[in-house]
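Topology and contacts: notes
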Amino acid sequence: MQPFLQQLLAGQTVEWKPLGDLAVIKTGQAVSKQMISDNSGQYPVINSGREPLGFIDTWNTDNDPIGITTRGAGVGSITWQEGRYYRGNLNYSVTIKDNLQLNVRYLYHVLLQFQHEIHALCSFSGIPALNASELKKLYIPIPPLSVQTKIAQILDTFTAITAELTAELNIRNQQYQYYRDKLLSVDELAKVGFEWKTLGEICHYVDYRGKTPNKAESGIYLVTAKNIKKGFIDYEASKEYVLESEYQEVMRRGLPKLGDVLITTEAPCGHVAQVDREDIALAQRVIKYCSKNPNVLSNDFLKFVLLGKYFQNELSKYATGGTVKGIKGSVLHKIEIPIPPLSEQVRIVAILDKFETLTQPITEGLPREIELRQKQYAYYRERLLGFSRI
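In this report, the structure presented in the accompanying data block is examined. (Residues numbered from 1 in each chain as written. Predicted model: local features only at pLDDT ≥ 70, side-chain atom pairs only at ≥ 80, totals over all residues. Heavy atoms only, no water.)

**Details of the packing of aromatic side chains**
The line we're drawing: Between the rings of Phe, Tyr and Trp (Trp by its six-membered ring), a pair exists once the centres lie within 6.5 Å; its type follows the angle of the planes, with under 30 degrees stacked, over 60 edge-to-face, and the other angles tilted. Note on exposure labels: buried denotes an accessible area under 20% of the residue type's maximum, exposed denotes more than 50%, and partly exposed covers the range between, all computed with a 1.4 Å probe on protein chains only.
Under the definition given, this model contains 12 aromatic pairs. Seen in terms of ring centroids, Phe194 and Trp196 are 5.3 Å apart; in terms of plane orientation they differ by 85 degrees. Their pairing is edge-to-face. On the accessibility criterion, Phe194 (23% relative accessible area) is partly exposed. Overall, Trp196 belongs to the partly exposed group, its relative accessible area being 33%.

The following block contains the structure:
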């Protein structure tokens, strides 16, 4: 046991008890996207993900913040939602039986610390699932309530900082998206005039499908769908390489060039970035677009249009699939985009480029700072919850 824990305990004992003895575990109520759409409101819907599925006009949970995802790709994930909200049928409530025995924030941090043990209780044959009867068997450490409170306070300082940084990042992103979508709105473009053209009409394209090449220790940098974020290529997300000999088919079809615009068709669907280096190859589930005539359509403008609200909404209409959404290239090529005069494209690109330049140090620095704080939190959580089991 860590010396700091020994000081906190001051000779007091730590009991290990099954979660089922300490909390009531129940499944939420059935919910669907159609139900949310038909009953839009102010209360968040917590179901199979950490973020709300949407917002509805009714609630079934109040001041009972801890939940655990019961099924799907995020099975076993811990959720925290304060106030009134609607708990879906893919989320267990974990309701403390006696608040004089267990601190709610302490329990939240403990469940995060025990993610590996919770996943071990899950079944992964077919759709991943977590049975409540198994979850109740999870043993967790219960020090005196005063110690629980102290540990929760320390760990909450890290989560509070992370939450503030995340909120700041979200504000910056929302500001950028607001100005981008305003400049690219039909109402604004109508002031100068524009034409509707499908991507297939206005762009050359390559759909990178076929056999996935064998990976190599060095060679051509392979950009996968995981690398393509909303507006940039994250080369650190998936460091993979392929030999030129392994990529002959794709090379014959054309490696991406500077300025080409990329869009993912699955896992995730609809992420857009612009090629900023030439020593790369593209994997499956990525389509490359480039303007057929630079005097009619700028690739830079194309990038912003594909990132914009209008196009993303159109894409979501045609995307298919359940948990993992995807869209066929043949469908994507038929989506129309607005094409204003080139002079207007240049003006819009200049404004948005300047906005990106001004905000880039913040929007790049904040994620790094958030990641650092998350690592610090995980480190101290390990130290503070490293009780010896007797």
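**Structural notes on the environment of Asp300**
In plain terms, the rule: Helix numbers and strand numbers start at the N terminus; a helix is a DSSP run of H or I with at least 4 residues, a strand a run of E with at least 2. Contacts were defined at the residue level, with two residues in contact if any of their heavy atoms lie within 4.5 Å.
Mapped onto the elements of the fold, Asp300 is located in helix H11 (residues 299-307). Residue class for Asp300 comes out partly exposed when judged on its relative accessible area of 34%. Sequence separation between Asp300 and Ala350 is 50 residues, and the spatial gap between their C-alpha atoms is 9.6 Å. When sequence neighbours within four positions are dropped, the list of residues in contact with Asp300 reads Gln274 and Val349.

**Considerations on the sheet that holds strand S6 (residues 66-69)**
Within a sheet, neighbouring strands are paired by backbone hydrogen bonds and run either parallel or antiparallel to one another. As a reminder, the rule being used: Whether two strands pair comes down to DSSP finding at least two bridges between them. With axes taken as lines fitted to C-alpha atoms, and helix axes fitted only over the stretch in contact, angles between N-to-C directions fall between 0 and 180 degrees.
Ordered by their spatial adjacency, four strands build an open sheet running S2-S9-S6-S7, and the pairing between neighbours is antiparallel. Two strands bound the open sheet, and with one partner strand each, they are strand S2 (23-27) and strand S7 (78-80). When strand polarity is set aside, the average angle formed by the axes of neighbouring strands in this sheet is 30 degrees. Two strands pair when backbone bridges link them, and S6 and strand S9 (residues 91-96) are joined in this way by three bridges, in the antiparallel orientation. Within S9, the residue paired with Gly67 across the bridge is Ser93. Contacts from helix H4 (residues 104-113) reach S6, S7 and S9 within the one sheet, and its direction differs from that of S7 by about 150 degrees.

**Comments concerning unusual backbone geometry**
In the Ramachandran plot, Ala10 falls in the positive-phi region, its phi being about 50 degrees despite a non-glycine side chain. Checked against the element boundaries, Ala10 lands in the loop between helix H1 (3-9) and strand S1 (15-18). The residue Asn63 is not glycine, and still its phi comes out positive at about 55 degrees. Note on placement: Asn63 falls in the loop between strand S5 (61-62) and S6. With relative accessibility at 66%, the residue Asn63 sits in the exposed group.

**Regarding the pattern of salt bridges**
Operational definition: Any Lys or Arg side-chain nitrogen found within 4 Å of a carboxyl oxygen on Asp or Glu counts as a salt bridge.
For the structure shown, the criterion picks out 13 salt bridges. With its nearest N and O atoms 2.8 Å apart, the salt bridge here joins Glu314 to Lys317. Linking Glu314 with Lys317, this pair stays in helix H12 (residues 309-318), spanning three residues, or about one helical turn. Assessed through its relative accessible area of 58%, Lys317 is described here as exposed.

**Quick look at the packing of H4 against helix H7 (residues 145-183)**
Our working definition: Orientation is classified from the angle alone, with under 35 degrees giving roughly parallel, over 145 giving roughly antiparallel, 65 to 115 giving roughly perpendicular, and any other angle giving oblique. Helix crossings get a hand from a simple test, with the near helix turned counterclockwise from the far one by less than a right angle marking a left-handed crossing and a clockwise turn marking a right-handed one.
Taken N-terminus to C-terminus, the directions of H4 and H7 make an angle of 65 degrees; their axes are 8 Å apart at the nearest point. Here H7 runs roughly perpendicular to H4, going by the angle between their axes. Remark: the crossing between H4 and H7 carries left-handed chirality. The segment H4 lies against H7, with Arg105, Tyr106 and His109 engaging Gln148, Ile151, Ala152, Leu155, Asp156 and Thr159.

**With respect to the pairing of S6**
Here S6 shows two buried faces, one formed by Ile66 and Ile68 and the other by Gly67 and Thr69. As defined by bridge partners, S6 adjoins S7 across three bridges and the pair is classed as antiparallel. Looking across to S7, one finds that Gly67 is bridged to Thr79.

**Some details on the nonpolar core**
Keep this limit in mind: Definition used in this section: a nonpolar core is a set of buried Ala, Val, Leu, Ile, Met, Phe, Trp, Tyr and Cys residues joined via side-chain atoms within 4.5 Å.
In terms of nonpolar packing, the biggest core is built from 41 residues, with Leu19, Leu107, Leu111, Ile151 and Phe387 touching the most fellow members. With six residues, the single largest contributor to this core is H4. Setting aside residues no more than four positions away along its own chain, Ile151 makes contact with Leu5, Leu8, Tyr106, Leu384, Leu385 and Phe387. Counting 32 residues, the second-largest nonpolar core is a separate cluster that includes Tyr176, Leu199, Phe304 and Ile337.

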